[in-house]
Amino acid sequence: MAVFKLDNVEDLYEIGEILGSGHFGQVREVRERATGTRWAAKFLKLRRNASSRLGLERKNVEREVEILQALQHGNIMALRDVFENRAEVVLIVELISGGELFDFIAAKESLTESEAIEFIEQILQGVGYMHSKNIAHFDLKPENIMLSDKDSLLPDIKIIDFGLAQCLTQGEEYRSMCGTPQYIAPEVINYTPLSVATDMWSIGVITYILLSGMSPFQGDTNEETLRNIVEMNYEFDDRHFKQTTAMAKDFIQKLLVKEQSERMTAEECLLHPWIKPLTKKQAANRKRSSINMRNFKKFNARRKWKMSYNMVSACTHLSRMQLLCKTRDTENQELRQCESDQEDTETNRASLMRRRLSSSS
Ligand code: AMP
């Protein structure tokens, strides 16, 4: 079991500006008083009692902490320390100052496929490492892919937010309906057992968006998006993919596969010729092709705009649509546990309460 320190975090760290907000609290920059080193502190509100709807259950915080403790990789946010008081748990983590990968790319004039691959390769390395430990992230999306430092020419990818991550045990099934509509795999919507391959689907979606600026399953409503995913309704429209190599499309096609066992694993992705070219011609093609920057900038602007809104949760949608759940009890439990069901990062107390109430109604 994870051990949380009972010291007052403010005695050891000076609390600074807000860096972002998650569903259960804020992330702030902090300065370690003893050394002057800068870190980030993730404040997670704890649920006061079993009947309370606000805050996280301690066991969920413990799970996030145990997973972060098990992961030490250059492309995964590092955990330094954990403090606890009556109301909250504070995770002291590596400060990631480069912002989101998508914002970094959207600020550029152009980007070749080979430049985009440098980032995708790092995502795959981080994800491959966690999968080698049977840990699945279950919430891979642009908001959770950050950069160490935006001033360097090729900053390091840092995967954040392990709030939905799970350590999968062989022989035990794990189901969940949580995630963000655009990025979730069919097995999430169908409420069938998930696996590390569930993350690989999300990487397929992220790559599709990165290259074309279009979201493969995006419908006019979340319901339509979910239906498109279940029906595998996507295509490579020439209008958006005219600068994309055939290898890149093949890479995506091998990830957006309904059957989990047939999806490429992270290890296999790292050996795919789009990532690791076998010939000079393949390498040259990647350098000549570029991402659809005009579309990508539009996509990112729309994404940021949506993030400032409190979107109705996917979990609520899923339950309303009654698409999938077999048993009410399990469903309600799942819904209560769902933490990342909005495409926003600014969740205030009131909206959180509304969301929780609607989730459990
Ligand atoms: P999270 O609750 O983990 O999703 O974090 C909420 C937001 O805080 C993220 O979307 C980031 O903008 C920001 N954030 C999270 N972790 C860090 C970090 N280690 N360094 C800097 N900003 C962070």
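Residues numbered from 1 in each chain as written. Predicted model: local features only at pLDDT ≥ 70, side-chain atom pairs only at ≥ 80, totals over all residues. Heavy atoms only, no water.

Per an unreviewed UniProt entry, the protein carries the name non-specific serine/threonine protein kinase and comes from Megalops atlanticus. Looking at the protein in UniProt, the text filed under Sequence similarities (unreviewed entry) is "Belongs to the protein kinase superfamily." (UniProt positions renumbered as here; feature names shortened; annotations may be inferred.)

Asker: Explanation requested: the pattern of salt bridges in the structure shown.
Answerer: Opposite charge on two side chains lets them pair, provided their charged atoms get close. Summed over all chains, the structure comprises 22 salt bridges. A salt bridge links Arg 31 to Glu 14; its shortest N-O distance comes to 3.0 Å. With Arg 31 in strand β2 (residues 25–32) and Glu 14 in strand β1 (residues 13–22), this pair connects stretches of sequence that are 17 residues apart. We note a salt bridge from Lys 304 to Glu 100, for which the minimum N-O separation is 3.4 Å. Linking Lys 304 in helix α12 (residues 293–307) with Glu 100 in the loop between β5 (88–93) and α3 (101–106), this pair joins segments that are 204 residues apart in sequence. Exposure remark for Glu 100: the relative accessible area of 11% places this residue in the buried category. (Salt bridge = Lys/Arg side-chain N within 4 Å of Asp/Glu carboxyl O. Helix = DSSP H or I, 4+ residues; strand = E, 2+ residues; numbered from the N terminus. Buried < 20%, exposed > 50% of the residue type's maximum accessible area, 1.4 Å probe, protein only.)

Asker: I would appreciate a short explanation of the site of the ligand in the present structure.
Answerer: Inspection of the region around the ligand gives 16 residues, with Gly 22, Lys 42, Glu 94, Ile 96 and Asp 161 positioned closest. A distance of 2.8 Å separates a nitrogen atom of the ligand from a polar backbone atom of Glu 94. Asp 161 places a polar side-chain atom, nitrogen or oxygen, 3.0 Å from an oxygen atom of the ligand. Within the complex, 91% of the 470 Å² of free accessible area of the ligand lies under protein. (Near = heavy atom within 4 Å. Polar contact = N/O pair within 3.5 Å; in protein donor to acceptor, adjacent residues only side chain to side chain. Areas by Shrake-Rupley, 256 points an atom, 1.4 Å probe, with all protein chains shown as cover.)

Asker: In this structure, what is going on with the UniProt feature "binding site: ATP" (unreviewed entry) in the protein? I would like to understand it.
Answerer: On the UniProt side, "binding site: ATP" (unreviewed entry) is annotated at positions that read Lys 42 here. By the element assignment, Lys 42 lies in strand β3 (residues 38–45). Relative accessible area serves as the criterion here: at 15%, Lys 42 is assigned to the buried category. Ignoring any residue separated from it by four or fewer positions in sequence, one finds Lys 42 in contact with Gln 26, Val 27, Glu 64, Val 89, Val 90, Leu 91 and Asp 161. Within the structure, the side chain of Lys 42 is placed 3.0 Å from the side chain of Glu 64, a separation counted as a polar contact. (Contact = heavy atoms within 4.5 Å.)

Asker: How should the pairing of strand β4 (residues 79–84) be read in this particular structure?
Answerer: Regular strands place side chains that alternate from one sheet face to the opposite one. For β4, the buried fraction is high: five of the six residues fall into the buried class. Sheet topology note: the β4/β5 ladder contains five bridges and is antiparallel. Across the sheet, the residue bridging to Asp 81 is Ile 92, located in β5. Linking two consecutive strands that pair antiparallel, namely β4 and β5, is a turn of three residues. (Pairing = 2+ DSSP bridges.)

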